[in-house]
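The lines below spell out each chain.
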Amino acid sequence: MSDDSAQQPGERIASHIAHNARVWNYWLGGKDHYEVDEKVGDMVTSMYPSIGEVARADRAFLGRAVRFLAQEAGIRQFLDIGTGLPTVDNTHEVAQRIAPDARIVYVDNDPIVLTHARALLTSSEQGATHYVDADAHDPCAIVEAASQTLDFERPVAVMLLGILNFVLDTDEATAIVRRLVDAIPSGSYVVLTHPTLELGGEGNEAAMTFWNENATPPITARTGAEVMAFLDGLELVEPGLVSCARWRTEGTEEGPLVAQYGVVARKP
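Residues numbered from 1 in each chain as written. Predicted model: local features only at pLDDT ≥ 70, side-chain atom pairs only at ≥ 80, totals over all residues. Heavy atoms only, no water.

Chemist: I keep staring at the overall build of the chain and nothing clicks. Help me out?
Modeler: Looking only at helices and strands, the chain has eleven helices and ten strands in total. What you see for the chain is a C-alpha radius of gyration of 17 Å, in line with the 18 Å of a compact globule of 268 residues. Overall, the C-alpha framework of the chain stretches about 45 × 45 × 35 Å when taken along its three principal axes. For the chain, the accessible area works out to roughly 11700 Å², and carbon and sulfur atoms hold 48% of it. (Helix = DSSP H or I, 4+ residues; strand = E, 2+ residues; numbered from the N terminus. Rg over C-alpha atoms; globule rule 2.2 N^0.38 Å. Areas by Shrake-Rupley, 256 points an atom, 1.4 Å probe, with all protein chains shown as cover.)

Structure (structure tokens):
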């Protein structure tokens, strides 16, 4: 658990500095953000015009991945770490639309996300949806808290969308994934997205530098090889590691090439 989890959410919200969850919400067309988030979001967009497309592609990837897991892979348990602010088609909504008995645990330690937790805590009668106030840097605490809702003797899909990029040390990020993978049984899945400088997007690097100087938490991009190292020992689901907008796109049109990797992998 985060050290300040006992505080009231309002005491932990810093409205004077842009925060990722709120800026992301702004890029997605939401209303849960402050003026400072809009200003920083607009500046990032001016430097890297396709950032809104990245945000939308990441969200669409989540929907496709959860549909695959619930429909084709038969997964009924989801651990969504770094869930962010609720928007349309959250993990539990997509999963329970297919499998009403699906059980979902959301994990975040952002105070404004906590204030909106009630919007996430809606579930079908057959399933369950819960929220854990915990830090992604502490996977052991996450698993312990999530085990009150999820059965870690049965397959679990661990969702790590746009969260490992906030763990700046690659060795630490790898260790976090390893601990999570060790906690789930064979037949489980890991789903992740991660920003990269390898897929183009002029201005991406400068925009990240601006972000790190003017917003929180700081962010880092990684190469495809570094992302693949997170998944060592796991089996990649086709088409493997690709731009998240091009992972199992529906219809005949290929998605845009956005500078955000997306991948789904199975624990053998």
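Chemist: For this particular structure, what's the right way to read the pairing of strand E6 (residues 189-195)?
Modeler: The two faces of a sheet get side chains in turn, since along a regular strand they alternate between them. E6 sits mainly inside the fold: seven of its seven residues count as buried. Here E6 shows a buried face lined by Tyr189, Val191, Thr193 and Pro195 and a second buried face lined by Val190, Leu192 and His194. One ladder, built from five bridges, connects strand E5 (residues 157-161) with E6; its direction is parallel. Note that in E6 the partner of Leu161 across the bridge is Thr193. As a crossover connection, the stretch from E5 through helix H9 (residues 170-183) into E6 is right-handed. (Buried < 20%, exposed > 50% of the residue type's maximum accessible area, 1.4 Å probe, protein only. Pairing = 2+ DSSP bridges. Right-handed = clockwise from strand over helix to strand, strands pointing away.)

Chemist: Help me understand unusual backbone geometry in this model?
Modeler: Note: most peptide bonds trans; most residues except glycine with negative phi. Of note, the amide linkage connecting Thr216 to Pro217 takes the cis form, showing an omega dihedral of -10°. Note the cis peptide between Glu238 and Pro239, where omega equals 10°. Its identity as a non-glycine residue notwithstanding, Arg248 has a phi of 45°, on the positive side. Tracing the backbone shows Arg248 in the loop between strand E9 (242-243) and strand E10 (260-266).

Chemist: What is the right way to look at empty space enclosed by the protein in this model?
Modeler: To find the voids left in a structure, one rolls a probe of water-molecule size over its atoms. Within this structure, the stated rule accounts for one cavity of 30 Å³ or more. Here the largest cavity defines a volume of roughly 30 Å³. Taken together, Arg59, Leu62, Asp80, Thr83, Leu85, Asn90, Thr91 and Tyr106 make up the full set of residues lining the largest cavity. (1 Å grid on protein atoms, 1.4 Å probe; cavity = no way out; pocket = protein on both sides within 12 Å on 5 of 7 lines; lining within 4 Å. Points joined across faces, edges and corners; volume = space filled by probe spheres on them.)

Chemist: Looking at this model, I keep getting lost on the pattern of salt bridges. Mind explaining?
Modeler: When the charged atoms of two side chains with opposite charge come close together, those side chains can pair. For the coordinates displayed, the defined rule picks out six salt bridges. Salt-bridge contacts for Glu35 lead to Lys39; the nearest nitrogen and oxygen are separated by 3.5 Å. Note that Glu35 and Lys39 are positioned in helix H3 (residues 35-47) at a spacing of four residues, about one turn of the helix. Across this residue pair, the class does not change: Glu35 and Lys39 are exposed. (Salt bridge = Lys/Arg side-chain N within 4 Å of Asp/Glu carboxyl O.)

Chemist: Would you mind going over the side chain of Gln260 with me for this structure?
Modeler: Checked against the element boundaries, Gln260 lands in strand E10. A distance of 2.9 Å separates a polar atom in the side chain of Gln260 from a polar atom in the side chain of Asp58. Excluding anything up to four places from it in sequence, Gln260 contacts Val54, Asp58, Thr193, His194, Pro195, Thr196, Leu199, Val242, Ser243 and Cys244. (Polar contact = N/O pair within 3.5 Å; in protein donor to acceptor, adjacent residues only side chain to side chain. Contact = heavy atoms within 4.5 Å.)

Chemist: Looking at this structure, I do not really get helix H4 (residues 51-72). What am I missing?
Modeler: For H4, spanning 22 residues, the distance from its first C-alpha to its last is 31 Å, which sits close to the expected 32 Å at 1.5 Å a residue. Burial runs high along H4: 16 of the 22 residues are buried. Remark: Gly74 follows H4 within two positions and exhibits a positive phi of approximately 70°. (Expected span 1.5 Å × (residues − 1).)

Chemist: Would you mind going over the side chain of Asp37 with me for this structure?
Modeler: Locating Asp37 in the fold gives a position in helix H3. Within the structure, Asp37 has its side chain in polar contact with the backbone nitrogen of His19 (distance 3.1 Å). Beyond its immediate stretch of four places on either side in the chain, Asp37 contacts Ile17, Ala18, His19, Arg22, Val23 and Tyr26.

Chemist: Whenever I open this one, the environment of Arg64 confuses me. Can you help?
Modeler: Relative to the assigned elements, Arg64 resides in helix H4. Spatially, the C-alpha atoms of Arg64 and Pro185 are 23 Å apart, while their sequence positions differ by 121 residues. With residues up to four places along the chain from it excluded, the contact list for Arg64 reads Cys244, Ala245, Arg246, Trp247, Arg248, Thr249 and Glu250.

Chemist: Where do I start with the packing of helix H2 (residues 20-27) against H3 in this structure?
Modeler: Angle between the axes and distance between the axes: these two values describe a pair of packed helices. Contact geometry for H2 and H3: axes closest at 9 Å, N-to-C directions at 65°. Of the possible angle classes, the one that applies to H2 and H3 is roughly perpendicular. Every pair of crossing elements has a handedness; the one defined by H2 and H3 is right-handed. Along the contact surface, H2 presents Arg22, Val23, Tyr26 and Trp27, while H3 presents Val36, Asp37, Glu38, Gly41, Asp42, Val44 and Thr45. Taken together, the residues of the contact of H2 with H3 sort by class into five nonpolar, two polar and four charged. (Axes fitted to C-alpha atoms, helices over the stretch in contact; angles between N-to-C directions. Parallel < 35°, antiparallel > 145°, perpendicular 65-115°, else oblique. Left-handed = near helix turned anticlockwise from the far one by under 90°. Nonpolar A, V, L, I, M, F, W, Y, C, P; charged D, E, K, R; others polar.)

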